[in-house]
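Reading the structure
Here is how the chains run, residue by residue.
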Amino acid sequence: MKKLLAIFIFITFFASCTFYDNSNSKTTATSEDISNSKTIVDCPADIATRAFRFAELYKDSDTIYEWGGQDPVRSAIAIDCSGLVVMCYKYALVDTNYSLLLSDMTANYMYENAASIVPLEKIRQGDLIFMGEAASPKVTHIALFDCIENDCVYFIDATEKDDISGVSRRFYKSSDSRFKAFGAMKVQYQ
């Protein structure tokens, strides 16, 4: 499965000429610049679902956690929480008329600038879950929403905490204070 994922990612990387477009990097573009040149919308549900499917591929391929990791093609795939979300959305946006606002974003940046906050009752598979420490309002972690079952919110994320290291499917009770917000990824329509 690892080889299949690596091959798919490699092909996807080279099939999309906009895959690593650094013209929208944090150092050359601001959110204001982007909003002046493109139409920004909430990510359509089918693309959010596609992003979630890519997260499942990462989970099923024994991806390891690496802070700051966002490398799409490696012999041992390593990624962090925001890297997982960004890469899954980049793959999901291939061959569409949409692109991410920026090609590299932190969890907190996505929370403050690249998502529309939605109530838990309206969240769709592949939408964003913003998390942080229970006693703090600060967003320090991000995950992709899967579903709600038995008052538990299930998600896929990349983490290195306790006995978990890598990309996995986890859950917390919906009332857990580590949840800070839920949101839909904002994308640019070209």
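Please read all numbers here as calculations on a predicted model, not as lab measurements.

1. What about the overall build of the protein chain?
When you go through the protein chain residue by residue, the secondary structure sums to five helices and 10 strands. When burial is assessed residue by residue, the protein chain has 49% of its 190 residues classed as buried. Here the contacts in the protein chain between residues at least 6 apart in sequence split such that 63% fall between residues at least 24 apart. Carbon and sulfur atoms provide 52% of the accessible area of the protein chain, an area that totals close to 9500 Å².

2. Remarks on helix α3 (residues 45–60)
The end-to-end C-alpha separation of α3 is 23 Å, in line with the 22 Å expected for 16 residues at 1.5 Å each. Taken as a whole, α3 has its buried residues at Ile-47, Ala-48, Ala-51, Phe-52, Phe-54, Ala-55 and Tyr-58. Buried positions in α3, seen along its axis, are confined to an arc of 155 degrees and lie on one side of it.

3. Considerations on the pairing of strand β7 (residues 141–149)
Within β7, seven of the nine residues are buried, which leaves the element mostly enclosed by the surrounding structure. In the sheet, strand β6 (residues 128–131) pairs with β7 via four bridges, with the strands oriented antiparallel. Across the sheet, Phe-130 pairs through a bridge with Ile-142, a residue of β7. Bridge count between β7 and strand β8 (residues 152–161): five bridges; the pairing is antiparallel.

4. Notes on the pattern of salt bridges
Any two side chains of opposite charge can pair if their charged atoms end up close together. Evaluation of the coordinates by the stated rule reveals six salt bridges. Of the charged contacts in the structure, one is a salt bridge between Lys-59 and Asp-60, with a shortest N-O distance of 2.8 Å. Among the ionic pairs, Asp-157 bridges to Arg-170, the shortest N-O distance being 2.6 Å. In this pair, Asp-157 is assigned in strand β8 and Arg-170 in strand β9 (residues 164–173), connecting sequence segments 13 residues apart. Accessibility expressed as a relative area gives 12% for Arg-170, which makes it buried.

5. With respect to the environment of Pro-137
Within the secondary structure, Pro-137 is located in the loop between β6 and β7. Accessibility expressed as a relative area gives 73% for Pro-137, which makes it exposed. Separated by 41 residues in the primary sequence, Pro-137 and Arg-178 place their C-alpha atoms 8.7 Å from one another.

6. Concerning the side chain of Asp-146
With respect to the helices, strands and loops of the structure, Asp-146 is situated in strand β7. Residue Asp-146 is classed as buried on the basis of its relative accessible area of 12%. Here Arg-169 takes part through its side chain, which lies 2.7 Å from a polar atom of the side chain of Asp-146.

7. Structural notes on helix α4 (residues 81–93)
Over its 13 residues, α4 runs 19 Å from end to end, which matches the ideal 18 Å to within 8%, given 1.5 Å per residue. By the criterion of burial, α4 is predominantly enclosed, with 13 of the 13 residues buried. Positive backbone phi, at 65 degrees, marks Asp-95, one or two positions downstream of α4.

8. Quick look at the packing of aromatic side chains
Scanning all chains against the criterion turns up nine aromatic pairs. Considering the side-chain rings of Phe-155 and Phe-179, the 6.3 Å spacing of their centres and the 85 degrees angle between planes classify their relative orientation as edge-to-face. With Phe-155 in strand β8 and Phe-179 in strand β10 (residues 179–189), the pair connects residues that are 24 residues apart, well separated along the chain. One aromatic cluster in this structure is built from Phe-155, Tyr-172, Phe-179 and Phe-182.

9. Re unusual backbone geometry
In the Ramachandran plot, Asn-150 falls in the positive-phi region, its phi being about 50 degrees despite a non-glycine side chain. Exposure remark for Asn-150: the relative accessible area of 69% places this residue in the exposed category. Within the chain, Asp-151 stands out as a residue other than glycine whose phi angle is a positive 60 degrees. The residue Asp-151 is located in the loop between β7 and β8 in this model.

So, how was this worked out
- Residues numbered from 1 in each chain as written.
- Predicted model: local features only at pLDDT ≥ 70, side-chain atom pairs only at ≥ 80, totals over all residues.
- Heavy atoms only, no water.
- Helix = DSSP H or I, 4+ residues; strand = E, 2+ residues; numbered from the N terminus.
- Buried < 20%, exposed > 50% of the residue type's maximum accessible area, 1.4 Å probe, protein only.
- Contact = heavy atoms within 4.5 Å.
- Areas by Shrake-Rupley, 256 points an atom, 1.4 Å probe, with all protein chains shown as cover.
- Expected span 1.5 Å × (residues − 1).
- Arc of directions from axis to C-beta.
- Pairing = 2+ DSSP bridges.
- Salt bridge = Lys/Arg side-chain N within 4 Å of Asp/Glu carboxyl O.
- Polar contact = N/O pair within 3.5 Å; in protein donor to acceptor, adjacent residues only side chain to side chain.
- Phe/Tyr/Trp six-rings, centres within 6.5 Å; stacked < 30°, edge-to-face > 60°.

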